[in-house]
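Listed below, chain by chain, are the residues.
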Amino acid sequence: MGTSSTSKMRTDEKERIQASGGTVMNWNGSRVLGVLATSRSIGDRYLKPYVTSVPEVTVTSRTESDEFVICASDGLWDIMSNKMACNIARRCLEGKVSRGSSSPSNHTSNAALAAAFLTEVSMAKGSKDNISVVIVELKKLN
């Protein structure tokens, strides 16, 4: 299920939840029982009848133009689009964004700085959910 406030839940996921007796409400995006913004999750025991921990796996072939992957929780995706997150991450990875008071050390990667910056932007934009961000750079090995 897409977890952006601008996206709708997939029809098959909504039907699965409703068939198990649950409901999907639109409250800052589609939410199971009006609470959880994802239909696949671990934890949230009271939602167990409606939410599955079975992951949805998609295999995508990489291309030479792939730069990075952003793995993030609802707190990021509720606030910004894929395009915005990628634009911010790309600028950070290229060294075009500095985090002001945080001085980068020699041991801090641009990917770690980009993840921290995306987290800070999400908080500044008013995210009300957990915010976890990991960025994996996809560098071509020579």
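Coordinates for the structure precede this section.
Predicted model only: the values in this text are computed from it and were never measured.

Attention now goes to the packing of helix H3 (residues 82–93) against helix H4 (residues 110–124). Here H3 crosses H4 at 140°, and the two axes come no closer than 8 Å. Relative to H4, the element H3 lies oblique. Once H3 is placed against H4, the crossing between them reads as right-handed. Two secondary-structure elements touch here, H3 through Ala85, Ile88, Ala89, Cys92 and Leu93 and H4 through Asn110, Ala111, Ala114, Phe117, Leu118 and Val121.

This part takes up unusual backbone geometry. At Leu33, a residue that is not glycine, the phi angle is positive and equals roughly 55°. Relative to the helices and strands, Leu33 is located in the loop between strand E2 (30–32) and strand E3 (68–72). Residue classification places Leu33 among the partly exposed positions, given a relative accessible area of 28%.

Bringing H3 into the picture now. The terminal C-alpha atoms of H3 lie 16 Å apart, and with twelve residues this matches the ideal 16 Å at 1.5 Å per residue to within 8%. Listed as buried for H3 are Ala85, Ile88, Ala89, Cys92 and Leu93. Looking straight down H3, one finds its buried side chains confined to an arc of 130°; they lie on one side. Against the buried residues of H3 lie E3, helix H2 (74–77), H4 and strand E4 (133–137). Trailing H3 by a residue or two, Gly95 shows a phi angle of about 80°, which is positive.

So, how was this worked out
- Residues numbered from 1 in each chain as written.
- Predicted model: local features only at pLDDT ≥ 70, side-chain atom pairs only at ≥ 80, totals over all residues.
- Heavy atoms only, no water.
- Axes fitted to C-alpha atoms, helices over the stretch in contact; angles between N-to-C directions.
- Helix = DSSP H or I, 4+ residues; strand = E, 2+ residues; numbered from the N terminus.
- Parallel < 35°, antiparallel > 145°, perpendicular 65-115°, else oblique.
- Left-handed = near helix turned anticlockwise from the far one by under 90°.
- Contact = heavy atoms within 4.5 Å.
- Buried < 20%, exposed > 50% of the residue type's maximum accessible area, 1.4 Å probe, protein only.
- Expected span 1.5 Å × (residues − 1).
- Arc of directions from axis to C-beta.

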